[in-house]
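Descriptive structure summary
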Amino acid sequence: MTVLPDTGFTPSAEDRASLDAWFAEYDAASARRDVPRMADMAVFPLNLVSDDSAGDGRTAQWDRARFLETMGQVMGESGDAQLSFTSTRTPVFLSPSIAVVFTDSTMTSGEETTQLRYADILVRRDGVWAFQTMVQVGWGDGLA
């Protein structure tokens, strides 16, 4: 059982429902490989945090064009097979407008499954969530 930190903010049922709805829409866009829609759901410049094959931490900031280019390549690598995601998310709300979300996910493409563990920082502006920082291990060589 994960014990969440006391951030001093207790999210409402609406806070959690709005975040869950955002992720459902993002997962659906990912499954369709709709990279432009995925980009619409971000705040740019987007921060990325990972580690590289040497074990060093790496960071980058992407503009929308870099996101479209890179994610288009990444999503294209999974071929023409249908993509689906099954995810368990653990959000930590810092306020009504900032959440750090830890995700354990299984991505299925055709007969292949891949386990993913990552974290996102999302911000809510004008009632709409958007991701601003993506954290996932193993992608740092591509951030250099």
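Here we summarise the structure given alongside this text. (Residues numbered from 1 in each chain as written. Predicted model: local features only at pLDDT ≥ 70, side-chain atom pairs only at ≥ 80, totals over all residues. Heavy atoms only, no water.)

1. Concerning the packing of aromatic side chains
Applying the stated criterion across every chain yields a total of eight aromatic pairs. Seen from their ring centres, W22 and Y26 are 5.2 Å apart, and the 10° between their planes marks the pair as stacked. Placement of the pair is W22 and Y26 together in helix 1 (residues 13-31), with a separation of four residues, close to one helical turn. Assessed through its relative accessible area of 7%, W22 is described here as buried. Under the relative-accessibility criterion, Y26 is labelled buried at 12%. Ring centres of F93 and W129 lie 6.1 Å apart, and the angle between their planes is 70°; on these two criteria the pair is classed as edge-to-face. Taken together, the residues F93 in strand 3 (residues 83-95) and W129 in strand 6 (residues 128-136) connect sequence positions 36 residues apart. Neither residue differs from the other here; F93 and W129 are each classed as buried. Three or more aromatic residues joined by ring pairs form one cluster here, namely W22, F23, Y26, F44, F67 and F131. (Phe/Tyr/Trp six-rings, centres within 6.5 Å; stacked < 30°, edge-to-face > 60°. Helix = DSSP H or I, 4+ residues; strand = E, 2+ residues; numbered from the N terminus. Buried < 20%, exposed > 50% of the residue type's maximum accessible area, 1.4 Å probe, protein only.)

2. A look at the sheet that holds strand 1 (residues 42-51)
The six strands are arranged 2-1-6-5-4-3 in an open sheet whose pairing can be described as mixed. Every interior strand has two partners, whereas the edge strands, strand 2 (57-62) and strand 3, have only one. Neighbour to neighbour, the strand axes of the sheet diverge by 25° on average, direction disregarded. Note that strand 4 (residues 98-109) and strand 5 (residues 112-125) share 12 bridges and pair antiparallel. Looking at strand 5, one finds that A99 is bridged to L122. In the packing of helix 1 onto the sheet, contacts are made with strand 3, strand 4, strand 5 and strand 6, and the angle to strand 3 comes to roughly 150°. Along the sheet face, helix 3 (residues 64-76) touches strand 1, strand 2, strand 3 and strand 6 and points at about 120° away from the line of strand 2. (Pairing = 2+ DSSP bridges. Axes fitted to C-alpha atoms, helices over the stretch in contact; angles between N-to-C directions. Contact = heavy atoms within 4.5 Å.)

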